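Summary of the model geometry
Listed below are the residues making up each chain.
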Amino acid sequence: MIWFFLCVGLLVAGYFIYGKFVENIFGPKPEQATPAMTMADGVDYVPMSDKKVYLVQLLNIAGVGPIFGPILGALYGPVAMLWIVFGCIFAGAVHDYFSGMLSVRAKGASVPTVVGEHLGTAAKHFMNLFAVVLLMLVGVVFVLSPAGLLANLTSTDLVYWIGAIFAYYILATIVPIDKIIGRFYPIFGALLVFMSVGLIVGLIASGKGFYNTGMDFSNLHPTELPLWPLLFITIACGAVSGFHATQSPLMARCMQNEKSGRFIFYGAMIGEGIIALIWCTLGLSFYESTDALNATLANGGPSAVVHEVSTSLLGTVGGILAILGVVILPITSGDTAFRSARLIVADFLNLTQKPMAKRLLIAIPMFVLGFIISKAEFGVIWRYFGWANQTTAVIMLWAAAAYLIKEGKLHWICTIPAMFMTSVCITYLANAPIGFGMGMTVSTVIGIGTTLALTVAFLVKFRPAALVDERSS
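Residues numbered from 1 in each chain as written. Predicted model: local features only at pLDDT ≥ 70, side-chain atom pairs only at ≥ 80, totals over all residues. Heavy atoms only, no water.

Going by this rule: UniProt positions are given in the numbering used here, feature names are shortened, and annotations may be inferred rather than shown by experiment.
An unreviewed UniProt entry lists the chain under the name Carbon starvation protein CstA, with Aeromonas diversa CDC 2478-85 as the source organism. The Subcellular location (unreviewed entry) field of the UniProt record for the chain holds the comment "Cell membrane". UniProt's Sequence similarities (unreviewed entry) comment on the chain is quoted here verbatim: "Belongs to the peptide transporter carbon starvation (CstA) (TC 2.A.114) family."

Observations regarding the overall build of the chain
For clarity, the threshold we go by: Each helix is a run of H or I in the DSSP string that is no shorter than four residues. Each strand is a run of E no shorter than two, and both are numbered from the N terminus. Each radius of gyration is computed over the set of C-alpha atoms, and the globule rule expresses the reference value as 2.2 Å times the number of residues to the power 0.38. Each residue gets one of three labels from its accessible area relative to the maximum for its type: buried under 20%, exposed over 50%, partly exposed in between, using a 1.4 Å probe on protein chains only.
Along its length, the chain carries 19 helices and zero strands. Taking 2.2 N^0.38 as the reference for a compact globule, 473 residues should give roughly 23 Å; the C-alpha atoms of the chain span a radius of gyration of 21 Å, in line with that estimate. Projecting the C-alpha coordinates of the chain onto the three principal axes gives extents of approximately 65 × 50 × 40 Å. Looking at the 473 residues of the chain, the share that counts as buried comes to 58%.

Here we look at helix H18 (residues 440–461)
What counts is decided by this rule: Multiply 1.5 Å by the residue count of a helix minus one, and that product is the helix's expected span. To be clear, the arc concerns the directions from the helix axis to the C-beta atoms.
Compared with an ideal rise of 1.5 Å per residue, which puts 22 residues at 32 Å, H18 spans 31 Å between its outermost C-alpha atoms and is within 8% of the ideal. Every buried residue belonging to H18 is among Ser-443, Thr-444, Gly-447, Thr-451, Thr-455 and Phe-458, and all of these are buried. For H18, the angular spread of the buried residues around the axis is 100°, confining them to a single face. Structural note: H18 exposes Thr-441, Val-445 and Val-456 on the side pointing more than 90 degrees away from its buried face.

What about the packing of aromatic side chains?
Heads up, the condition is: Paired rings are identified among Phe, Tyr and Trp, the last through its six-membered ring, by centres lying within 6.5 Å, and are further divided according to the angle between planes into stacked (under 30 degrees), edge-to-face (over 60) and tilted (the rest). Comment: the charge-over-ring label is applied if NZ (Lys) or CZ (Arg) is within 6 Å of the ring centre and within 35 degrees of the ring normal.
All chains considered together, the criterion is met by 22 aromatic pairs. On the numbers, 5.9 Å between centres and 45° between planes, the contact of Trp-83 with Phe-420 is tilted. Remark: Phe-420 occurs in helix H17 (residues 412–431) and Trp-83 occurs in helix H6 (residues 79–105); sequence separation between them is 337 residues. Of the residues examined, Trp-83 reaches a relative accessible area of 10% and is grouped as buried. Between Phe-126 and Phe-130, the ring centres sit 5.2 Å apart and the planes meet at 20°, which makes this aromatic pair stacked. Taken together, the residues Phe-126 and Phe-130, both in helix H8 (residues 121–154) and four residues apart, mark about one turn of the helix. The rings of Tyr-18, Phe-21, Phe-86 and Phe-90 are connected pair by pair, giving a single aromatic cluster. Of note, Arg-262 hangs over the ring of Tyr-15, and the distance from its end group to the ring centre comes to 4.7 Å.

Overview of the environment of Thr-156
Put simply, the rule is: A contact between two residues is defined here by any heavy atoms of the two lying within 4.5 Å.
Along the polypeptide, Thr-156 turns up in the loop between H8 and helix H9 (158–174). A relative accessible area of 30% places Thr-156 in the partly exposed class. Along the chain, Thr-156 and Thr-451 lie 295 residues apart, while their C-alpha atoms are 48 Å from each other. Excluding residues that lie within four positions of it along the chain, Thr-156 makes contacts with Ala-151 and Trp-161.

Description of unusual backbone geometry
At the junction of Trp-228 and Pro-229, the peptide bond is cis and its omega measures out at -5° in the coordinates. Residue placement: Pro-229 occurs in the loop between helix H10 (181–206) and helix H11 (230–234). Of note, the phi angle at Glu-224 is positive, near 60°, even though the residue is not glycine. Locating Glu-224 in the fold gives a position in the loop between H10 and H11.

A few points about a nonpolar patch on the surface
We apply this condition: For patch building, the residue pool is restricted to those with more than 30% relative accessible area and no salt bridge; the joining distance is 9 Å between like charges and 5 Å between nonpolar side chains (Val, Leu, Ile, Met, Phe, Trp, Tyr). Here the open area of atoms and residues is found with the Shrake-Rupley method and a 1.4 Å probe, where only the protein chains shown may cover a residue. Salt bridges are counted wherever a side-chain nitrogen of Lys or Arg sits within 4 Å of a carboxyl oxygen of Asp or Glu.
On the surface, Phe-194, Val-317, Ile-320, Leu-321 and Leu-324 cluster together into a nonpolar patch covering about 410 Å² of accessible area. Among the elements that line the nonpolar patch, the one with the most residues is helix H14 (residues 290–349), at four residues. Inspection of the secondary structure assignment puts Leu-324 in helix H14. Look at Leu-324 and you get partly exposed, because its relative accessible area is 32%.

Structure representation (structure tokens):
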């Protein structure tokens, strides 16, 4: 119990101490008008209050990732909580802050434009394709997971719920952001907080105690899957997630003052880290062992864990509310995933999005493709989503590091997490069945070696002298 609250305390302290440090390095300009004020269009650029923007940002980024990921991560034991805490403070929240603030400085531009501005045209074109693919995978994952929960809860056919959620996504993607997302998401945010706090209170009241595994930081995975690099792919949204870079520009178009960036972007990631800690703790404490947790996962996946834990700790009514909270999380991220994809495509085609007809021109083909992808096996989609998610974070972190070098600021706050996540993603791709299937030792050598080579090339390209020569030529 003490360990859980210590971890939460570290995340909160990280917001006030390291978050302030990061903010000071970036240097927000409260006197400078934001895109919400200078480019208001009543559709995507809509000024909203800080509290509302924060809650919308939290719901945008907190899909099933900070629930399903930490549940799966709990199989490794309490060491998973260390990654959530330190990954969130030093990588995830930094990533989210810069993805949001660099978008603000770029007139609310989507992540490919931000990346292109700091890493070059080739990186921009790559991110245009990569970000849309990621968002389509996110959207499909965040259709299938809540549809599965609702089908179990109501004994209704899964296809019905898939169709219903897709119909909602179409509506939420094309209407002005303040009509559905800005109006209802703050309410959903309150439900999310209730669900998270209620489950921890229920765990304490149940007398089950905390961590049946004890404080054992060795690898406790029942099937002996390696910690490196799988843990850092499995727990993404609760520690560092490239999906957030696609979502932050949505709120960069609604934020009224640059000074609010730490609260909205860094703070929402800290909030998501706390959600991840709660579900990792539930996975470690509700079940007698990681073997017992794995048995439930084998019989129904993370959805079965959510259902069992929620109804057992909070009773039927409370359990249903908690499950609805878990259903709302992915739905409120899935719709904004498709919305972000629409805006990225619109930016690429230079197609204004104020007329409804032009929004539909992009949205309808996109949802048809999403429905086709949803027919693939969920496990396969999830694995590709996990790798694509972390790779997007890598690219965004390198872009933020390049920005800081150009500005003559401390770039290591982004360069170091970029290096770490680069080695994770390359090692995973080399080793995983969805990649090249090489041995772990060889994959690790490739991952670390490639990362070092990329880092040297990056520092040479963006060294101050090179930048001065480039500007003067």
